[in-house]
Amino acid sequence: MEVYEKINALIVARGMTKSEFAARLVALRPILRSTGETPGASTIMHYLNGTRELKIELIPYIAEVLGVFEQELFDEGRTLDYLARPSGEAGRVANIIALCKYAPDKLLAKIEAVLENNKECVLRNIKELD
């Protein structure tokens, strides 16, 4: 998954629109080294659509808007730091993982299938937003 795709998935997971995300990012007033200015909403939309290369100096600001650690934008899975974080979602994920050792294989297969289906739905929704 490309970084912009991960960002889009997180935007959807947070219940935001791309426009809301762009507005929140602009409000943080990140300054690009190349221009010395804050990127506008249309530039951010190009980043989100993958039509413009995302500037590395925006990563901390993007992570802040999404409420994640910076490395989560690059990791395919959940990081240990993420699981150790005391936020609601991370706590739930850590609890679910801990409980999985008590689940029979049939239940784990069902959970995996449901999560894979959800992933496909989220990715399809992201493509439809583009």
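Residue positions are given per chain, counting from 1 as you read along its sequence in written order. In keeping with the predicted nature of the model, local features appear solely for residues at pLDDT of at least 70, side-chain atom pairs appear and are counted solely at 80 or more, and the whole-chain, interface and lining totals rest on all residues. Side-chain numbers here rest on the full set of heavy atoms in the structure, without hydrogens or water.

Chemist: For the nonpolar core, give the residues involved together with the corresponding values.
Modeler: Considering soluble globular proteins, one finds that nonpolar side chains tend to be buried as a cluster. Only buried residues count toward a nonpolar core. Its members are Ala, Val, Leu, Ile, Met, Phe, Trp, Tyr and Cys residues joined through side-chain atoms within 4.5 Å. Burial status follows relative accessibility: with a 1.4 Å probe on protein chains alone, a residue under 20% of its type maximum counts as buried, one over 50% as exposed, and anything between as partly exposed. Counting 19 residues, the largest nonpolar core has Ile7, Ile11, Phe21, Ile44, Ile62, Leu66 and Leu73 as its most contacted members. Residue contacts are defined here by distance: any two heavy atoms, one from each residue, within 4.5 Å place the two residues in contact. The residues contacting Ile11, other than those within four sequence positions of it, are Met16, Thr17, Lys18, Phe21, Leu48 and Leu66.

Chemist: I'd like a rundown of a nonpolar patch on the surface, residues and numbers included.
Modeler: Together, Leu107, Ile111 and Leu115 make up an exposed nonpolar region whose accessible area comes to about 260 Å². Numbering of helices and strands starts at the N terminus; helices are DSSP runs of H or I of at least 4 residues and strands are runs of E of at least 2. Tracing the chain through its elements places Leu107 in helix H7 (residues 105-129). According to the relative accessible area criterion, Leu107 is partly exposed, its value standing at 41%. Note on patches: the residues involved have over 30% relative accessible area and no salt bridge, like charges join within 9 Å, and the nonpolar side chains Val, Leu, Ile, Met, Phe, Trp and Tyr join within 5 Å. Computed with a 1.4 Å probe, the accessible areas rest on the Shrake-Rupley method; for each residue, only the protein chains presented here act as cover. Think of a salt bridge as a Lys or Arg side-chain nitrogen and an Asp or Glu carboxyl oxygen that are within 4 Å of each other.

Chemist: Tell me about helix H2 (residues 18-27), and name the residues and values.
Modeler: Along H2, the residues classified as buried are Lys18, Phe21, Ala22 and Leu25. The buried side chains of H2 occupy one side of the element, clustering within an arc of 100° when seen end-on. Opposite the packed face of H2, turned more than 90 degrees from it, sit the exposed residues Ser19 and Ala27. Phi for Arg29, located one or two positions after H2, is positive at around 55°. Working note: the arc is built from the helix axis to C-beta atom directions.

Chemist: How would you summarise the environment of Ala13 if you had to cite specific residues and measurements?
Modeler: Tracing the sequence through the fold places Ala13 in helix H1 (residues 3-13). Assessed through its relative accessible area of 58%, Ala13 is described here as exposed.

Chemist: Account for the packing of H2 against helix H3 (residues 41-49), with residues named and values stated.
Modeler: Lines fitted to C-alpha atoms define the axes here, with helix axes fitted over just the stretch in contact, and angles between the N-to-C directions of these axes take values from 0 to 180 degrees. For the pair H2 and H3, the least separation of the axes is 9 Å and the interaxial angle reads 125°. What the angle tells us is that H2 and H3 run oblique. Crossing hand, H2 versus H3: right-handed. Residues Lys18, Ser19, Phe21, Ala22, Leu25 and Val26 of H2 pack against Ala41, Ile44, Met45, Leu48 and Asn49 of H3. Broken down by class, the residue content of the contact of H2 with H3 amounts to eight nonpolar, two polar and one charged. Small angles under 35 degrees read as roughly parallel and large ones over 145 as roughly antiparallel, with 65 to 115 read as roughly perpendicular and the rest as oblique. Note: crossing handedness is left-handed where the near helix turns anticlockwise from the far helix by less than a right angle, and right-handed where it turns clockwise. We call Asp, Glu, Lys and Arg charged. Ala, Val, Leu, Ile, Met, Phe, Trp, Tyr, Cys and Pro are nonpolar, and the rest, Gly among them, are polar.

Chemist: How would you sum up the packing of H2 against helix H4 (residues 59-66)? Please name residues and give values.
Modeler: For the pair H2 and H4, the least separation of the axes is 10 Å and the interaxial angle reads 120°. By the criterion of interaxial angle, the relationship of H2 to H4 is oblique. Here the hand of the crossing between H2 and H4 comes out right-handed. Every residue of H4 that contacts H2 at Phe21, Arg24 and Leu25 is listed here: Tyr61, Ile62, Val65 and Leu66. Of the residues belonging to the contact of H2 with H4, the class tally is six nonpolar, no polar and one charged.

Chemist: Give me H1: which residues, what numbers.
Modeler: Every buried residue belonging to H1 is among Lys6, Ile7, Asn8, Ala9, Leu10 and Ile11, and all of these are buried. Looking at the residues trailing H1, positive phi occurs at Gly15, about 75°.

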